[in-house]
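Results of the structural survey
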Amino acid sequence: MPAERRIAYFSMEIAIEPSIPTYSGGLGVLAGDTIRTAADLHVPMVAITLLHRKGYFTQRIDAQGWQQEEPVTWSVKSCLEGLPESFSVVIEGRTVFLRAWKYDVTGCDGFVVPVLFLDSDVPENNDWDRALTHYLYGGDARYRLCQEAILGMGGVKALRALGFREINRFHMNEGHASLLTLALLEEQAQREGREYFTSNDIEQVRQQCVFTTHTPVPAGHDQFGMDLAIQVLGRRDMIATQELFGANGQLNLTMLALNLSRYVNGVAKRHSEVSKAMFALEEVDAITNGVHAGTWVSEPFQALFDAHIPSWREDNFSLRHALKIPSRDIWEAHLSAKRKLLDYVNQHAMAGMSLDVFTIGFARRAALYKRADLLFHDVERLKRIVSSAGPFQLIYAGKAHPHDQAGKELIQRIIKAKEALKPSIKIAYLENYDMHLGKLITAGADVWLNTPQPPLEASGTSGMKAALNGVPSLSTLDGWWVEGHLEGVTGWAIGADYGHAATQEQSANDAASLYDKLEQVILPLFYRNHDGYINVMQHAIALNGSFFNTQRMVQEYVLKGYFH
Ligand SMILES: *Cc1c(COP(=O)(O)O)cnc(C)c1O
């Protein structure tokens, strides 16, 4: 089986299932959905990631509304199969020994895509090296670069040791994996007994690599000082680094990937425009993200689709027939999903929320640009909306990175708003956002709120999960929503389309626009024209669910990146 694999997909995080906590957010969920879909579509792929034996972290929120991080425990042995092969990579001049654990992702008719989790926690290594595959996004710059050397260079070694000999595409899902190009360059040179890389080597490697960039936020692109790069990777790599991969005397992993890939894409049309401007490049294609329908559709909607659109799992495009499903059945399925969410919220957050109140969902990483507190810009206005247009309740979730003080303060502001708005608006902040909670909230809310500061949201995928469950989005025009939004048909926009040069000032209007939409359009529709509301729900499924899925997305990668 390994000999038949053609595509190696590298990602620092992969969300396989809720019991394997080796992911932090959207990037990992996208990777998991990509792999699940590759298995459905028989794409000959193998995936590589790190084991992250101690996960990301478990989030608790204390009485002051402050995020506390607790360790995650999970049983590697009961989730993954340990492989006997041993291989190694040289880091900081030391040989670091590695092994791999395997998880088989099985598609809808039995085709398997193996996922390899690299593990440096073996007795041959010293304590520092053993810990390198423990924490996702943990530690300092040195730790990060060592991890990235294991993912990229160790990943190539793993493929060779495990018999994957026919790989002709290496897909870097974000720059974290881009050191794989150095491993390929080394192989190329070694084959000819050289210790340096030639421009021909670079061209040979470029023909095999594909790169997907995922963020327009500058801090999201890993950069390392040259001294550290030389310390960790050794001088041999610097020959090429100075020439091709350095920027301002730094090793920039995004530049490395950009310069050594035959095909580069951003994850939505707007994002590819923003990326071209940011990297001063002409060629950054767009493949808009999607989600794996079978994973993210709630059980009640699965049953409904099975009854009315039997082919929806193998053919997501057929979800356009959601327009034919009787509206009362759509509503019943939604009520079941909503009931499940509210039961959870009432049990875990003692929120006392009720089924007949309009429910707004918001769950994502607590990063500043996502502006989770935009809704609380004018608390008095918010209260007036309740009396003029009808009641609503709010469900929040999301983790801040442990070092992100501003993100933690954002969470705290929401929790303070919860006190300030009592009792007119009920608010719950659910702890420990993960795949399981993501599914529960995107399916059970009545509207999906998203407020990123344009143009900083590359794509976003949670709104796509909502759409598949008939939950319309209310969002600023950024990322995928620029493509998915049809006003009053698939959902609603907040503010205007600022293009890819949006400024801070323009965003001052967004809160006002958000209030207007809620008060004048959405709440009146929900409470006074219920069939009209269900019509928007149906269009969310038919127009957006049928398109913003990974089945369409992986087909684009196959055509444009893998077999082109
Ligand atoms: C879908 C998902 C994301 C991505 O959410 P966005 O709001 O689109 O960034 C992040 N985390 C989890 C747990 C998810 O399920």
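What counts and what doesn't
- Residues numbered from 1 in each chain as written.
- Predicted model: local features only at pLDDT ≥ 70, side-chain atom pairs only at ≥ 80, totals over all residues.
- Heavy atoms only, no water.
- Domains from an automatic or database assignment.
- Contact = heavy atoms within 4.5 Å.
- Buried area = accessible area lost by both parts, 1.4 Å probe.
- Pairing = 2+ DSSP bridges.
- Helix = DSSP H or I, 4+ residues; strand = E, 2+ residues; numbered from the N terminus.
- Axes fitted to C-alpha atoms, helices over the stretch in contact; angles between N-to-C directions.
- Polar contact = N/O pair within 3.5 Å; in protein donor to acceptor, adjacent residues only side chain to side chain.
- Core = buried A, V, L, I, M, F, W, Y, C linked by side-chain atoms within 4.5 Å.
- Buried < 20%, exposed > 50% of the residue type's maximum accessible area, 1.4 Å probe, protein only.
- Parallel < 35°, antiparallel > 145°, perpendicular 65-115°, else oblique.
- Nonpolar A, V, L, I, M, F, W, Y, C, P; charged D, E, K, R; others polar.

Here we take up the domain arrangement of the protein chain. A common measure of how large an interface is: the accessible area buried when the components associate. Split by domain assignment, the protein chain resolves into domain 1 (2-261) and domain 2 (293-549). The C-alpha centroid of domain 2 is placed 33 Å from the C-alpha centroid of domain 1. Across the boundary between the two partners, domain 1 contributes 25 residues, which contact 27 residues of domain 2. Carbon and sulfur atoms make up 59% of the surface buried where domain 1 meets domain 2, a total of about 2300 Å² over both sides. If you sort the residues of domain 1 by the area they bury against domain 2, Gln59, Ile61 and Trp66 come out on top, with a joint share of 24%.

This paragraph deals with the sheet that holds strand β18 (residues 426-430). Strand order in the open sheet formed by six strands is β18-β17-β16-β19-β20-β21, with parallel pairing between adjacent strands. Whereas interior strands pair on both sides, the edge strands pair on one side only; in this sheet they are β18 and β21 (491-494). Here the strands of the sheet are splayed against their neighbours by 20 degrees on average, with no regard to which way each runs. As judged from the two bridges shared by strand β16 (residues 358-363) and strand β19 (residues 447-450), these two strands associate in the parallel manner. Bridging from a neighbouring strand, Ile360 pairs with Val447 of β19. Contacting β16, β17 (392-397) and β18, helix α13 (residues 327-349) crosses the sheet at an angle of about 80 degrees to β18.

Time to look at the pairing of strand β4 (residues 67-70). Side chains on a regular strand alternate between the two faces of the sheet. With four bridges connecting them, strand β3 (residues 58-61) and β4 associate as antiparallel partners. Looking at β4, one finds that Arg60 is bridged to Gln68. Here β3 folds back onto β4, and the loop between the two strands holds five residues, one of which, Gly65, carries a positive phi near 80 degrees.

Positionally, His485 belongs in the loop between α18 (481-484) and β21. Within polar-contact distance, the side chain of His485 engages the side chain of Glu487 at 2.7 Å. Those residues within four positions of His485 in sequence are excluded, and the remaining contacts are Leu477, Thr490, Gly491, Trp492 and Ala493.

A word on the nonpolar core. In this structure, Phe358 and Phe392 are the most contacted members of the largest nonpolar core, which totals 72 residues. Residue assignment places this core across two domains, with domain 1 (2-261) and domain 2 (293-549) each supplying three or more. When neighbours within four sequence positions are excluded, Phe358 is seen to be in contact with Pro391, Phe392, Gln393, Asp446, Val447, Leu518, Ile522, Leu523, Phe526, Tyr527 and Tyr533. Ranked by size, the runner-up nonpolar core spans 64 residues in total, among them Val46, Ala189, Phe197 and Ala229.

Turning our eyes to something else, we now look at unusual backbone geometry. Note the cis peptide between Lys422 and Pro423, where omega equals -5 degrees. Tracing the backbone through its elements, the reader meets Pro423 in the loop between α15 (405-420) and β18. Going from Pro454 to Pro455, the amide bond is cis rather than trans, its omega being 5 degrees. Tracing the sequence through the fold places Pro455 in the loop between β19 and α17 (462-468). Its identity is not glycine, yet His52 carries a phi of approximately 45 degrees, on the positive side. Following the sequence through the fold, His52 ends up in the loop between β2 (45-50) and β3. Classification of His52 by relative accessible area gives buried; the value is 0%. The residue Glu174 is not glycine, and still its phi comes out positive at about 80 degrees.

This part takes up the packing of helix α12 (residues 299-308) against α13. Where α12 meets α13, the closest approach of the two axes is 8 Å, and the angle between their N-to-C directions is 160 degrees. When the axis of α12 is compared with that of α13, the two are roughly antiparallel. Within the contact between the two elements, α12 uses Glu299, Pro300, Phe301, Leu304 and His308 and α13 uses Asp329, Ile330, Ala333, His334, Ser336, Ala337 and Lys340. Its residues assigned to classes, the contact of α12 with α13 comprises six nonpolar, three polar and three charged.

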